[in-house]
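# Report on the structure
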Amino acid sequence: MRFSYYPGCTLKTTATELERSALKTAKALGIELVEQKEWQCCGAVFPLARDEIASFLSSIRCLATARDKGEKLVTICAACHHVIKRANHLIKNDANVREKVNNHLQLDTSYLGEGSVIHYLEMLRDELGFNELAKKIKQPLTGRKIAAYYGCLLLRPAAIMAFDNAENPSIIEDFLFALGASAVYYPYRTECCGVYLSLNNTQIATDMVEKIVTSARSYGAEALVDACPLCHYNLLELQKKTPQGKPLLPVYYFTELLEEALGLKEEAAVRKDKNES
Amino acid sequence: MYTPQMKELIKKVEETRPYRLGSDFPRMTPEERQDVLKNFHPDFIQSGFRPLKIGVNRGDRIPQELADLLESHSMISNVKLDLEKISYDVDVLIIGGGGAGAAAALVAKEQGVEVLLVTKLRFGDANTMMAQGGIQAADKANDSPLIHYLDVMGGGHFTNIPGLVSALVNDAPLVIKWLEDMGIMFDKEDDGTMITIHGGGTSRKRMHTARDYTGAEIMRTLRDEVINRGISVVEFSPAVELLLDEDGRAAGAVLYNLETEEYLIARAKTVILATGGSGRLHYQNFPTSNHYGATADGLVMGYRAGAKLIFMDTIQYHPTGAAYPPQILGLLVTEKVRGLGATPLNIKGEQFIHHLETRDVESAAIIRECTERKMGITTPAGMVGVWLDSPLIDLIHGEGTIEKQLPAMLRQFARFDIDIRKEPMLIYPTLHYQNGGFLIDENGCTSIENLYAVGENSGGIHGRNRLMGNSLLDIIVFGRRAGFHAGVKTKEVKQNKLTLEHLYCYQREIEQSGAGVVDRVSPVLVPHYNHREALGLS
Amino acid sequence: MNAAEMVDIYVMGKKYTVPASLTIMNAMEFAGYQLKRGCGCRAGFCGACATVYRIAGDYELKVGLACQTKVEHGMYLTQIPFFPALKALYDIESLDPTASAISSYYPEIYRCIGCNSCTKVCPQDLNVMQYIAYAQRGDISRCATESFDCIMCGLCASRCPAHIVQYNVGILARRLYGRHILARSSHLTQRVDEIAGGKYTAGLEALMAAGLEELKVAYNNRDIED
């Protein structure tokens with residue numbers, strides 16, 4: 001299986017662990033992720049002004065590049081995925097945007113929204129299949145009680161993202177089952193973590209993180225797993241500011257758990273829970 | 001794009017290429033070199049020169065076009081100036097915003113003194129920016145400053161001033177280190193080993209490069225650093241005359257604001273002339289590779305102030321100037337092209353000279369091929385040239401070498417639909433470098449106290465012929481030396497009244513000699529082109 | 001060549017009839033201009049002669065270096081010899097080659113909206129938007145190499161809706177790369193130490209004192225590296 005791959009800036013700077021583990025596991029699963037030769041920042045936030053086409057030009061460029069190669073585009077960062085997927089939806093459904101964007105880009109072949117972008121998790125579920133994934137697990141995470149945290153960006157707006165049932169998703173839990181772990185269900189797994197407020201109103205964001213962590217813990221979770229570098233940052237960093245204090249609830253990228261379950265982590269190198277300190 | 005006729009001739013180049021590839025053309029004997037120089041080098045064309053009638057070099061043989069300027073009236077001879085009204089009062093005044101001026105500014109500033117750099121055009125508008133080939137320095141194990149010394153002397157036909165050559169080769173590695181510390185992106189192996197190549201007349205591969213933008217890379221970095229250090233720079237304000245003090249020492253300059261046409265007085269304790277060369281005077285009607293501003297301004301004002309010139313009768317013609325397309329006539333085809341293995345060929349596709357002879361010999365041989373032997377290729381505009389077989393480079397060093405090592409050249413010709421990876425270039429010698437200039441010592445001091453000259457407007461370092469890669473080197477070596485010396489010297493200079501007395505004396509001498517009867521005025525500052533002659537229009 | 005093909009061009013709106021074979025710069029001079037600004041090396045290296053133009057009847061705004069671009073019939077042009085630009089002041093030695101070294105001086109790089117106007121306008125055909133993208137994510141090496149052929153003409157900055165001065169970002173990246181990322185040359189350091197230690201002083205003095213014949217013999221018999 002071969003896909004066109006868009007990393008995004010965050011994976012190259014603050015979330016290098018996410019990219020490292022994702023590429024390593026993909027390789028082990030026989031999935032070829034070919035990083036696009038040239039890509040630019042997606043903008044990180046999907047612009048809501050419909051008359052402002054410039055802000056999603058980079059999304060359309062990477063979609064068109066993948067289209068030209070006849071490949072699906074794979075993302076790993078939830079924020080990039082959100083922006084690119086919505087840009088793709090917009091260009092497919094809004095004739096005005098479609099025309100303006102193509103007039104500006106002047107691609108050899110106009111891009112009309114015919115390509116598709118999938119998140120790494122979707123790739124595992126829909127392209128490889130969780131059943132197939134389960135067969136490749138070498139060190140099942142048996143007995144591990146892990147709580148999925150979805151955040152907003154992958155799920156909403158539900159009709160456009162079409163990632164999973166936005167109110168009651170199951171993809172991360174199904175993923176955990178494939179890895180042999182137990183999934184912990186708790187009420188806050190799809191609530192917003194407040195990351196967009198974490199710099200200018202840290203207290204509100206911290207309160208939101210505290211609710212998520214406390215809830216997951218109260219349902220018996222030993223760790224959280226997420227698929228978004230923004231949530232990940234927030235859950236780790238702001239958790240330190242919550243009154244609960246230590247020991248902190250560990251937070252993993254889903255790819256880190258996959259790496260472990262595929263037996264790709266050497267015993268000695270199994271990272272100590274990163275928020276243990 | 002080449003014409004169909006030229007494309008037909010290129011087929012001969014392609015036919016001979018396989019058998020030329022890998023075979024080595026013999027170098028000339030010393031006697032053969034002398035012979036071709038004496039008969040074909042423009043320096044030996046007597047009508048191109050005349051003895052100077054006035055000034056400290058009276059009687060010396062210099063190019064006609066330069067003599068015209070030196071025997072002209074000053075721009076300010078009829079201008080009323082108040083020398084007491086000082087617009088800029090600094091310690092070190094640097095005239096010229098090329099590589100030499102910038103290097104001098106940086107080191108002068110380090111001496112804790114006030115530095116002002118004035119320049120005619122933009123800061124960085126200079127031949128430095130255009131030097132593509134590289135910069136020499138003996139920094140490898142199989143090389144040494146001593147071997148470099150021999151190459152420089154031999155290249156200059158042993159006419160160079162030994163003390164200047166010694167300073168040049170000794171400082172060369174220090175200069176490369178200085179530039180490396182500043183962040184110049186020299187071409188290197190992964191482990192940091194410099195990738196060095198030959199240039200004409202070198203016995204070791206000691207040419208350091210930054211793709212074929214070596215001079216541009218050095219110039220833009222020096223400029224960036226001068227700005228970072230907070231050194232004052234005034235652009236579009238050329239100096240038009242030097243100011244001396246009552247003791248005849250350099251003490252400032254009259255500046256001319258090109259836009260407002262005002263004259264401004266700059267007073268300084270020491271003055272560094274770094275105004276470059278004179279290619280835009282088009283000696284003997286040669287095309288030139290030089291920057292637009294290379295109009296000998298510094299020579300004119302320094303000479304009027306009494307500074308002694310040396311080697312003004314020797315000009316370097318770069319063997320490989322573009323002869324086609326006409327839009328880039330005279331444009332430099334970097335010597336790196338030959339350094340990487342491209343060879344000159346005549347109309348039959350045959351090599352007639354080793355490709356790495358010194359520049360003067362290589363030029364003379366090309367001129368001979370095109371004139372006496374009539375083996376050149378004539379362009380639709382009537383220009384004659386020889387091929388330079390650039391496609392050899394990728395054959396020798398592997399595909400992609402031209403793209404990586406010569407991006408500027410590739411781009412230049414691609415603009416006119418010539419792919420130098422597949423087609424040869426058509427070249428003819430172009431007026432490239434003024435070997436002579438003000439006589440200086442190893443600190444850049446001229447014969448006038450507190451007046452320094454560095455870079456192309458100085459002479460003696462290269463004797464009668466400069467090797468490739470030694471001018472980027474000399475501007476930095478002597479820029480730094482003069483910057484240091486001029487900066488330290490300011491601390492002992494006691495200033496007194498500014499005068500233009502030297503100008504009046506010079507003026508009288510012009511009138512007495514009868515040389516300046518015409519209404520010629522200099523410096524000329526910018527050339528005046530109308531492109532009618534080249535097009536056959538009147 | 002008296003029957004040279006002539007074309008009409010409009011320099012800042014004023015019409016001149018010039019030979020079609022000329023570059024914009026030569027055509028302006030043919031028309032009678034003596035250039036002060038907007039003219040430098042005349043060889044495509046210095047970036048002094050950035051020019052914007054439109055061909056009559058064509059909506060597209062085109063750019064080129066006046067010294068490298070041929071005139072066309074109906075060309076309406078003006079030069080942009082200067083463009084105001086922010087240039088940060090820094091001590092290159094004290095910086096670390098990271099994204100923050102660039103973003104602390106030029107935070108506006110994150111305002112890039114990816115419109116690609118800079119790339120379209122670059123007379124050197126550089127992928128300007130892409131080297132800014134490299135700067136954004138701290139890939140200094142690629143920002144440096146991708147921007148290397150920049151001649152700092154300023155056209156990119158003139159077209160940037162995000163107010164980025166791309167070429168100044170580029171030179172900062174290149175200096176960071178050259179100073180802190182490229183491996184340092186050990187043979188160079190060694191030679192500098194040798195010179196400081198006086199290893200060649202006596203040899204140079206001997207050469208300076210040598211007679212002409214002696215030098216010639218040494219020169220003509222020196223071995224030449226292959």
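All figures in this text were calculated on a predicted structure; none of them were measured in a lab. (Residues numbered from 1 in each chain as written. Chains lettered and ligands numbered in written order. Predicted model: local features only at pLDDT ≥ 70, side-chain atom pairs only at ≥ 80, totals over all residues. Heavy atoms only, no water.)

## Here we look at the overall build of chain A
How we decide: Secondary structure is summarised from DSSP: a helix means a run of H or I of at least four residues, a strand means a run of E of at least two, and numbering begins at the N terminus for each. Within these notes, the globule rule equals 2.2 Å times the number of residues to the 0.38 power, and the radius of gyration is based on C-alpha atoms. Per-residue accessibility, obtained with a 1.4 Å probe over protein chains only, is compared with the maximum for each type, and a residue is labelled buried under 20%, exposed over 50%, and partly exposed between these values. What makes two residues a contact is simply this: any of their non-hydrogen atoms within 4.5 Å. Here the Shrake-Rupley method, with its probe set to 1.4 Å, supplies the accessible areas, and only the displayed protein chains count as covering residues.
A tally of regular secondary structure across chain A gives twelve helices and eight strands. At 19 Å, chain A has a C-alpha radius of gyration in line with the 19 Å of a compact globule built from 277 residues. Projecting the C-alpha coordinates of chain A onto the three principal axes gives extents of approximately 55 × 45 × 30 Å. Residues counted as buried form 54% of the 277 residues belonging to chain A. Considering only contacts within chain A whose residues lie at least 6 apart along the sequence, 76% involve residues at least 24 apart. Carbon and sulfur atoms make up 51% of the accessible area of chain A, which amounts to about 11900 Å² in all.

## Overview of the interface of chain C and chain A
For clarity, the threshold we go by: Buried area, as used here, totals the accessible surface that two parts lose on assembly, with accessibility defined by a 1.4 Å probe and the loss added over both. Should a side-chain nitrogen of Lys or Arg be within 4 Å of a carboxyl oxygen of Asp or Glu, the pair is scored as a salt bridge. The classification used treats Ala, Val, Leu, Ile, Met, Phe, Trp, Tyr, Cys and Pro as nonpolar, Asp, Glu, Lys and Arg as charged, and all other residues, Gly among them, as polar.
Across the contact, 15 residues belong to chain C and 14 residues belong to chain A. When chain C packs against chain A, the two sides together hide about 1200 Å² of surface, and 44% of this comes from carbon and sulfur. Inspection of the region where chain C meets chain A yields zero salt bridges. At the level of secondary structure, the elements contributing two or more residues to the side of chain C that touches chain A comprise helix 4 (128-136) and helix 5 (140-146) of chain C. A per-element tally of the side of chain C that touches chain A places helix 4 of chain C first, with five residues. Its residues placed into classes, the side of chain C that touches chain A shows six nonpolar, five polar and four charged.

## Some points on helix 5 (residues 95-105) of chain A
All names here are of chain A. This is how the line gets drawn: This arc is taken over the directions from the axis of the helix to the C-beta atoms. Definition of a polar contact: a pair of N or O atoms within 3.5 Å, with one able to donate and the other able to accept a hydrogen when the atoms are protein atoms, and with sequence-neighbouring residues admitted only if both atoms are side-chain atoms.
Those residues of helix 5 not exposed but buried are Val97, Val101, Asn102 and Leu105. The buried residues of helix 5 occupy an angular sector of 120° when projected down its axis, which confines them to one face. Seen from the buried face of helix 5, the exposed residues on the opposite side, beyond 90 degrees, are Glu99 and Asn103. Contact partners of the buried residues in helix 5: helix 3 (57-69) and helix 4 (78-93). At the N-terminal end of helix 5, a side-chain oxygen is found 3.0 Å from the backbone nitrogen of asparagine 96, two or three residues along, and the residue is aspartate 94. Looking one or two residues beyond helix 5, the residue adopting positive phi is glutamine 106, at roughly 50°.

## Section: the packing of helix 6 (residues 145-155) of chain B against helix 10 (residues 212-220) of chain C
Keep this limit in mind: Only C-alpha atoms enter the line fits that serve as axes; for helices the fit covers just the stretch in contact. Angles between N-to-C directions range over 0 to 180 degrees. Oblique is the label for every angle not falling under 35 degrees (roughly parallel), over 145 degrees (roughly antiparallel), or within 65 to 115 degrees (roughly perpendicular).
Running from N to C, helix 6 of chain B and helix 10 of chain C point in directions that differ by 105°, and their axes come no closer than 10 Å. Viewed along their axes, helix 6 of chain B and helix 10 of chain C adopt a mutual orientation that is roughly perpendicular. Residues Tyr149(B), Leu150(B), Asp151(B), Met153(B), Gly154(B) and Gly155(B) of helix 6 of chain B pack against Leu215(C), Ala218(C) and Tyr219(C) of helix 10 of chain C.

## Things to note about the domain arrangement of chain C
Residue and element names in this part refer to chain C. We apply this condition: For the purposes of this description, domain bounds are those given by an automatic or database domain assignment.
The assigned domain composition of chain C is domain 1 (6-79), domain 2 (92-181) and domain 3 (186-220). Just the C-alpha atoms count here: the centres of domain 1 and domain 2 sit 28 Å apart. Each side of the interface is counted separately: domain 1 has nine residues, and domain 2 has seven residues. Between domain 1 and domain 2, the buried area comes to about 640 Å², and carbon and sulfur atoms account for 73% of it. Along the contact surface separating domain 1 from domain 2 lie zero salt bridges. Counting every contact that joins domain 1 to domain 2 gives zero residue pairs in polar contact (both at pLDDT 80 or more). Residue assignment for the side of domain 1 that touches domain 2 shows that the elements contributing at least two residues are strand 3 (50-55) and strand 4 (62-65).

## Some details on the nonpolar core
Spelled out, the test is: Joining through side-chain atoms within 4.5 Å is the link that ties buried Ala, Val, Leu, Ile, Met, Phe, Trp, Tyr and Cys residues into a set, and such a set is a nonpolar core.
Leu93(B), Ile95(B) and Ile9(C) are the most contacted members of the largest nonpolar core, which totals 249 residues. Ranked by residue count, the leading element in this core is helix 7 (residues 162-182) of chain B, at eleven residues. Beyond its immediate sequence surroundings of up to four residues, Ile95(B) is in contact with Val118(B), Ala239(B), Leu242(B), Ala253(B), Val271(B), Ile272(B), Leu273(B), Ala274(B), Thr275(B) and Met301(B). In this structure, Leu90(A), Ala216(A), Leu236(A) and Cys115(C) belong to the second largest nonpolar core, which totals 99 residues.

## Quick look at the confidence of the model for chain A
Condition: A score from 0 to 100, pLDDT tells how confident the predictor is in each residue.
When pLDDT is averaged along chain A, the result is 92; 95% of the residues meet or exceed 70. Note that residues 272-277 of chain A has pLDDT below 50 and, in this model, 14 contacts with residues that lie over four places away or in other chains.

## Side note on the arrangement of the chains
Of all two pairs of chains sharing an interface, the pair with the highest contact count is chains B and C. Nothing in chain A touches chain B, and the closest approach of their C-alpha atoms is 19 Å.

## What about the pairing of strand 12 (residues 250-256) of chain B?
Residues and elements named next belong to chain B. We apply this condition: Between any two strands, at least two bridges found by DSSP are needed for them to pair.
With seven of its seven residues buried, strand 12 lies for the most part within the structure. Here strand 11 (residues 239-245) runs beside strand 12; their pairing, made up of five bridges, is antiparallel. When the sheet's bridge partners are listed, alanine 239 is paired in strand 12 with leucine 255. Looking at chain direction, strand 12 and strand 13 (residues 263-267) are connected through five bridges and run antiparallel. Paired with valine 254 across the bridge in strand 13 is isoleucine 265.

## Brief notes about the interface of chain B and chain C
At the junction of the two partners, chain B supplies 90 residues and chain C supplies 72 residues. For the pair chain B and chain C, the summed buried surface comes to about 7600 Å²; carbon and sulfur atoms form 58% of the total. Inspection of the chain B/chain C interface yields ten salt bridges. Across the pair Glu225(B) and Arg175(C) runs a salt bridge whose closest N-O atoms are separated by 2.6 Å.

## Quick notes on the packing of aromatic side chains
Residue and element names in this part refer to chain A. Note the threshold: A pair of Phe, Tyr and Trp rings is counted when the ring centres sit within 6.5 Å of each other, with Trp represented by its six-membered ring. The angle between the planes then sorts it: under 30 degrees is stacked, over 60 is edge-to-face, the rest tilted.
Enumeration over the complete set of coordinates arrives at 17 aromatic pairs over all chains. Between the aromatic rings of phenylalanine 130 and phenylalanine 175, the centroid separation amounts to 6.3 Å while the plane-to-plane angle is 55°, which identifies the pairing as tilted. Of this pair, phenylalanine 130 sits in helix 7 (residues 130-136) while phenylalanine 175 sits in helix 9 (residues 171-178), placing them 45 residues apart in sequence. Take phenylalanine 130: its relative accessible area is 12%, and that puts it in the buried class. Note on phenylalanine 175: relative accessible area 0%, which makes it buried.

## Quick look at the sheet that holds strand 2 (residues 32-35) of chain A
Residue and element names in this part refer to chain A. Strand order in the open sheet made by the four strands is 2-1-3-4, with parallel pairing throughout. For this open sheet the edge positions go to strand 2 and strand 4 (117-119), each flanked by a neighbour on one side alone. Each neighbouring strand pair of the sheet contributes to a mean axis angle of 40°, computed without reference to strand direction. Packed on one face of the sheet, helix 3 meets strand 1 (2-6), strand 3 (73-75) and strand 4 and runs near 130° to strand 3.

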